[in-house]
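Architecture at a glance
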Amino acid sequence: MYAPLPNHFVPISDDEWGTNCDDHPERRAIKRICVEADSFGAEYSNMCQECLDEFNAYKQQKRDDPEQWDTCPRCKNSVPQLSSFRDPDEGSHGPVYHRCPDCVAKFWKRWEEENCYDDDDY
Ligand SMILES: [Zn+2]
Ligand SMILES: [Zn+2]
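Everything numeric in this text was worked out from a predicted model, so none of it was measured.

Along the backbone of the protein chain there are two helices and seven strands. Each helix and strand of the protein chain, placed in order from N terminus to C terminus, yields the pattern β-β-β-α-β-β-β-β-α. For 122 residues, the compact-globule formula gives about 14 Å, and the C-alpha radius of gyration of the protein chain, at 18 Å, lies well above that figure. Expressed as a percentage of the 122 residues in the protein chain, the buried residues total 11%. Summarising the internal contacts of the protein chain: among those between residues at least 6 apart in sequence, 41% fall at separations of at least 24.

Within the secondary structure, tyrosine 97 sits in strand S7 (residues 96-99). Setting aside residues up to four positions removed in sequence, tyrosine 97 forms contacts with Ser84, Phe85 and Asp87.

Sheet topology note: the strand S1 (residues 9-10)/strand S2 (residues 31-38) ladder contains two bridges and is antiparallel. Bridge pairing links valine 10 to arginine 32 in S2. Strand direction decides the pairing type here: S2 and strand S3 (residues 41-47), joined by seven bridges, are antiparallel. Counted as the bridge partner of aspartate 38 is glycine 41 from S3. If you look at the hairpin formed by S2 and S3, you'll find two residues sitting between the two strands.

Strand pairs in the sheet, formed through backbone hydrogen bonds, run parallel or antiparallel to each other. Read from one edge of the open sheet, three strands run S1-S2-S3, paired in antiparallel fashion. A strand with exactly one partner marks an edge of an open sheet, and here the two such strands are S1 and S3.

Over its 15 residues, helix H2 (residues 101-115) extends 21 Å from the first C-alpha to the last, a length consistent with the 21 Å expected when each residue adds 1.5 Å. Within H2, only one of the 15 residues are buried, which leaves it mostly out in the open.

Residues other than glycine seldom take positive phi values, yet asparagine 7 does so here, at roughly 70°. Turning to its location among the elements, asparagine 7 is positioned in the segment before S1. Residue asparagine 7 is classed as partly exposed on the basis of its C-beta count, with 16 C-beta atoms lying within 10 Å. Positive phi values are uncommon outside glycine, yet lysine 76 reaches one of about 65°. Structurally, the position occupied by lysine 76 is in the loop between strand S4 (70-71) and strand S5 (78-79).

Criteria and cut-off values
- Residues numbered from 1 in each chain as written.
- Chains lettered and ligands numbered in written order.
- Predicted model: local features only at pLDDT ≥ 70, side-chain atom pairs only at ≥ 80, totals over all residues.
- Helix = DSSP H or I, 4+ residues; strand = E, 2+ residues; numbered from the N terminus.
- Rg over C-alpha atoms; globule rule 2.2 N^0.38 Å.
- Buried ≥ 20, exposed ≤ 12 C-beta atoms within 10 Å, placed from the backbone.
- Contact = placed C-beta atoms within 7 Å.
- Pairing = 2+ DSSP bridges.
- Expected span 1.5 Å × (residues − 1).

Keep in mind these values describe shape, not function.
Take a look at the structure:
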């Protein structure tokens, strides 16, 4: 089953979160973003155009201000935004990890090396 990750946009559907903006209940949402996800489930936020603009502006000013950057729990580097991923070995609903893009790239590289077998070995 499809499991969302934080900071990823997902399609809006008429479910428990509804189809209207969280901050402006009278407006229709145009985007839905996953704000939190773990092995128990996910939380979403609906946004209208104005809220989306605000969200993008917030991300932009965070990128421009290193004091607001997140620290990677693994390598302690500061990055504008940590990336989220799941370890495929723990299943599509396993715990969600937050790392800097470098650590995420390293993780996938290692994972591919461990999970890709050369056919010539047979
Ligand atoms: Zn709104
Ligand atoms: Zn890192």
